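# Survey of secondary and tertiary structure
Okay, here's what each chain looks like letter by letter:
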Amino acid sequence: GENTTEGVKELLSRFFDYKRIKAKVWYLPIMLLMPVVAFLSYGLTGLMGPPLPTPHFPIFLLPGFFLVAVVAALGEELGWSGYVIDPSQDRWNALIAAVLVGLVWAVWHWVALIQAHRPPAWIAWWSVGAVARRVLIV
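What comes next concerns the included structure. Keep in mind the model is a prediction, meaning the values are calculated, not measured. (Residues numbered from 1 in each chain as written. Predicted model: local features only at pLDDT ≥ 70, side-chain atom pairs only at ≥ 80, totals over all residues. Heavy atoms only, no water.)

## Things to note about the overall build of the protein chain
- Secondary structure assignment for the protein chain yields 5 helices and 0 strands.
- Out of the 138 residues belonging to the protein chain, those deemed buried represent 14%.
- In the protein chain, once contacts between residues fewer than 6 apart in sequence are set aside, the share between residues at least 24 apart is 57%.
- Of the roughly 10800 Å² of accessible surface on the protein chain, a fraction of 75% belongs to carbon and sulfur atoms. (Helix = DSSP H or I, 4+ residues; strand = E, 2+ residues; numbered from the N terminus. Buried < 20%, exposed > 50% of the residue type's maximum accessible area, 1.4 Å probe, protein only. Contact = heavy atoms within 4.5 Å. Areas by Shrake-Rupley, 256 points an atom, 1.4 Å probe, with all protein chains shown as cover.)

Here it is, written out as structure tokens:
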């Protein structure tokens, strides 16, 4: 009904409200944090373990991959950051809310990770990283 429509409009308006971030300098880490972490992780993995294969993919597919990743991330973040985190922070402090949401976020991905045949130790460390990422996001 009317309340549902208004709630959806409010959620979407908050999601695209760039004015909520007062200090514009925060856009730099927002945009660069995850790509830098991924690049460093790839490099450290190559230094510490067996040689990594060079990624090969047709460059013309890159915009499609980017679009799919952005759409999926937008959907997830509308739920986790746009809907869940504020009531969680109202109930607990930001750190506890971030850790709890991070734990749920990690467990949410376990089925896909198991289906991708990831070993349990890999899933455990990925989960630790997922909780840490959620704390950084919050």
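## Section: helix H4 (residues 94–115)
- The end-to-end C-alpha distance of H4, which contains 22 residues, comes to 32 Å, matching closely the 32 Å that a straight helix rising 1.5 Å per residue would cover.
- In H4, a bend of some 35° at His109 exceeds every other bend along the element.
- Taken residue by residue, H4 has Ala97, Ala98, Val101, Gly102, Trp105, Ala106, His109 and Leu113 as its buried positions.
- A positive backbone phi angle near 65° is found at His117, which sits one or two residues after H4. (Expected span 1.5 Å × (residues − 1). Bend = angle between axes of the 7 residues up to and from the residue.)

## What about the nonpolar core?
- Core analysis: the largest hydrophobic core is formed by 7 residues, namely Trp80, Ile85, Ala97, Val101, Trp105, Ala106 and Ala130.
- Only helix H3 (62–91) and H4 provide two or more residues apiece to this core.
- Element by element, the count of residues in this core is highest for H4, at 4 residues.
- Ignoring any residue separated from it by four or fewer positions in sequence, one finds Ala97 in contact with Ile85, Ser88, Gln89 and Trp92. (Core = buried A, V, L, I, M, F, W, Y, C linked by side-chain atoms within 4.5 Å.)

## With respect to unusual backbone geometry
- Its identity as a non-glycine residue notwithstanding, His117 has a phi of 65°, on the positive side.
- Relative to the helices and strands, His117 resides in the loop between H4 and helix H5 (120–137).
- Under the relative-accessibility criterion, His117 is labelled exposed at 72%.

## Topic: the packing of aromatic side chains
- One pass over the structure, following the stated rule, counts 0 aromatic pairs.
- We note Arg118 situated over the ring of Trp122; from NZ or CZ to the ring centre the distance is 4.4 Å.
- Over the ring of Trp105 we find Arg134; its NZ or CZ atom is 4.1 Å from the centre of that ring. (Phe/Tyr/Trp six-rings, centres within 6.5 Å; stacked < 30°, edge-to-face > 60°. Lys NZ or Arg CZ within 6 Å of the ring centre and 35° of its normal.)

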